[in-house]
Amino acid sequence: MATIKRDYYEILEVQRTASGDEIKKSYRKLAVKFHPDKNQGNAEAEEQFKEIGEAYEVLSDEEKRAAYDRFGHSAFSQGGGGFHAHDPFDVFREVFNQGGGGGGGIFGSIFEEAFGGGGGSRSRGRGADLRYDMQVTFEEAALGCEKEITLKKLEVCETCSGTGADKGARAKTCSTCQGQGQVYMQRGFFSVAQACPTCHGTGEVIDNPCADCEGDGRVEQTSKIKIKIPPGIDDGSRLRSSGQGEAGLRGASPGDLYIVVHVQDHPIFTRDGTHLFCEVPISFASATLGGEVKVPTLDGSAKVKIPAGTPSGKIFRLRGKGVADLSGRGQGDLNVRVYVEVPTKLTSEQKKKLEEFAESCGDDHHPEMSSFFDTVKNLFS
């Protein structure tokens, strides 16, 4: 019995009119909630996590979202957890194509000339592309790292080496479709292409299929894959691991694995491209008299010299202490914004001395304050 796929908008809990930012926000919240690391052993949560990833893969892409809004799930492949977007015009090609192996009849020829395409050549069953959502720390994204992931996927059957045939057996051309992998049914004026029911679209049949893979040439296995995270990668970036997707049908080429990177927030640093920003408190005395303050960096700490009379909000730039550029064009800067911390608990003696200090300063030591109140006075005079 065929499985009815849920609506992508329903999966991501957004309206069909939702903006890209709303879709991304909802996706990130749901991905964290149902991530396998937080729901170990929960098969239902794992399945929901896959659904969420598949829905976001489509709705976050403007072209795929437009195709989905128009054609629904039929615009995309259904097999193996992959997210291949079919050309929406394939729906029409099936209807108009009246010939096999590229000899597509009147409607088929006109359509292929207008929009391009192979005209009915069968697919060799390339393996599905896979998606994996990976959480990395702020430091891992900035400095780079190597991670090992574990996932279940279809791998080449070792018993038959991917042929799908038992020892000594061979695949032969399907007599029903003559190796085309498709049969055509007449519906009124049109001939509609369908997967051959005998060979299931492969164009070949095996009399003695492999007992382990039942003729598919693939078996589900748990695989461990090492992924290198380049320094400077940003949140939402995708990495492609060629050939690490699911194995193809009966020895066909494998799909690719796409790693979607999610970077955790940092308690101190924020990031804008290759530049880092942080705020560091300094004492009233240091701001007034000058001094030196130790500030955090991604790989340790650094000292910043505070000149006398430094105002709150002053930004000091540490060159080359930011994030590496993915293209290899150097490294960003660390921008340290200092703010003056006002003491809150003073002894009677400290308060007295501070009052004496304030009285001794007068207006001459606060030119900005004097200028401000002079402006206010002029406005209301």
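Predicted model only: the values in this text are computed from it and were never measured.

S.K.: What am I meant to see in the overall build of the protein chain here?
M.R.: Scanning the protein chain for helices and strands turns up ten helices and 15 strands. Put simply, the protein chain has 381 residues, and 36% of those count as buried. Within the protein chain, residue pairs in contact and separated by at least 24 positions form 61% of the contacts whose partners lie at least 6 positions apart. Looking at the protein chain as shown, the accessible area adds up to about 23600 Å², and 50% of this sits on carbon and sulfur atoms.

S.K.: For this particular structure, what's the right way to read helix α9 (residues 348–361)?
M.R.: Every α-helix carries 3.6 residues per turn, so stepping three or four residues along brings you back to the same face. The end-to-end C-alpha distance of α9 is 20 Å, a good match for the 20 Å that 14 residues give at a rise of 1.5 Å each. Across the 14 residues that make up α9, only a small minority, one, are buried.

S.K.: I keep staring at the packing of aromatic side chains and nothing clicks. Help me out?
M.R.: By convention here, two paired aromatic rings are described through the distance between centres and the angle between planes. Tallied over the entire structure, the rule returns three aromatic pairs. Relative to Y56, the ring of Y27 lies with its centre 3.9 Å away and its plane at 5 degrees, an arrangement referred to as stacked. Separated by 29 residues along the polypeptide, Y27 in helix α2 (residues 20–33) and Y56 in helix α3 (residues 43–59) bring together distant segments of the chain. Exposure class is identical for Y27 and Y56. Each is buried. Of the aromatic side chains, those joined through ring pairs into one cluster are Y8, Y9 and Y68.

S.K.: Hey, could you run me through helix α4 (residues 62–71) in this one?
M.R.: Buried residues of α4: K64, R65, A67 and Y68, and no others. The arc that holds the buried residues of α4, viewed along the axis, is 160 degrees, so those residues lie on one side. Facing away from the buried side of α4 by over 90 degrees, the exposed positions are E62, E63 and R70. Tucked into the core, α4 has its buried residues touching α1 (8–11), α2 and α3. At the N-terminal boundary of α4, the capping side chain belongs to D61, with an oxygen 3.0 Å from the backbone nitrogen of E63. Phi turns positive one or two residues past the end of α4, at G72, with a value near 70 degrees.

S.K.: What should I look at first to understand the sheet that holds strand β14 (residues 315–318) in this one?
M.R.: The pairing of strands in a sheet comes from backbone hydrogen bonds and takes either a parallel or an antiparallel form. Taken in spatial order, the four strands of this open sheet run β10-β11-β15-β14, and their pairing is mixed. Each having just a single partner strand, β10 (270–272) and β14 make up the two edges of the open sheet. Neighbour-to-neighbour, the strand axes of this sheet turn through a mean angle of 30 degrees, independent of strand direction. Inspection of the sheet shows strand β11 (residues 275–283) paired to strand β15 (residues 334–341) by eight bridges, in the parallel sense. Within β15, the residue paired with I282 across the bridge is V340.

S.K.: Got a minute to help me understand the sheet that holds strand β9 (residues 257–263) in this structure?
M.R.: Sheet architecture is open: three strands sit in the order β1-β9-β8, paired in mixed fashion. Because the sheet does not close on itself, it has two edges, and the strands there are β1 (130–136) and β8 (238–241). Shown here is a sheet whose adjacent strand axes are inclined to one another by a mean of 25 degrees, direction ignored. Of the strand pairs in this sheet, β8 and β9 are connected by four bridges, and their pairing is antiparallel. Across the sheet, L239 pairs through a bridge with I259, a residue of β9.

S.K.: Would you mind showing me how to read the pattern of salt bridges here?
M.R.: Between side chains of opposite charge, a pair can form when the charged atoms approach closely. For the structure on display, the rule yields 20 salt bridges. Between D207 and K172 there is a salt bridge whose closest N-O contact spans 3.4 Å. One end of the pair, D207, is in the loop between β6 (204–206) and β7 (218–229); the other, K172, is in strand β3 (residues 171–173), with 35 residues separating them in the sequence. Note on D207: relative accessible area 54%, which makes it exposed.

S.K.: Where do I start with the packing of α2 against α3 in this structure?
M.R.: Here α2 crosses α3 at 165 degrees, and the two axes come no closer than 10 Å. By the angle class used here, α2 and α3 are roughly antiparallel. The handedness of the crossing between α2 and α3 is left-handed. From α2, I23, K24, Y27, L30 and A31 reach across to α3, where they touch F49, I52, G53, Y56 and L59.

Each value, and the rule that gives it
Residues numbered from 1 in each chain as written. Predicted model: local features only at pLDDT ≥ 70, side-chain atom pairs only at ≥ 80, totals over all residues. Heavy atoms only, no water. Helix = DSSP H or I, 4+ residues; strand = E, 2+ residues; numbered from the N terminus. Buried < 20%, exposed > 50% of the residue type's maximum accessible area, 1.4 Å probe, protein only. Contact = heavy atoms within 4.5 Å. Areas by Shrake-Rupley, 256 points an atom, 1.4 Å probe, with all protein chains shown as cover. Expected span 1.5 Å × (residues − 1). Phe/Tyr/Trp six-rings, centres within 6.5 Å; stacked < 30°, edge-to-face > 60°. Arc of directions from axis to C-beta. Polar contact = N/O pair within 3.5 Å; in protein donor to acceptor, adjacent residues only side chain to side chain. Pairing = 2+ DSSP bridges. Axes fitted to C-alpha atoms, helices over the stretch in contact; angles between N-to-C directions. Salt bridge = Lys/Arg side-chain N within 4 Å of Asp/Glu carboxyl O. Parallel < 35°, antiparallel > 145°, perpendicular 65-115°, else oblique. Left-handed = near helix turned anticlockwise from the far one by under 90°.

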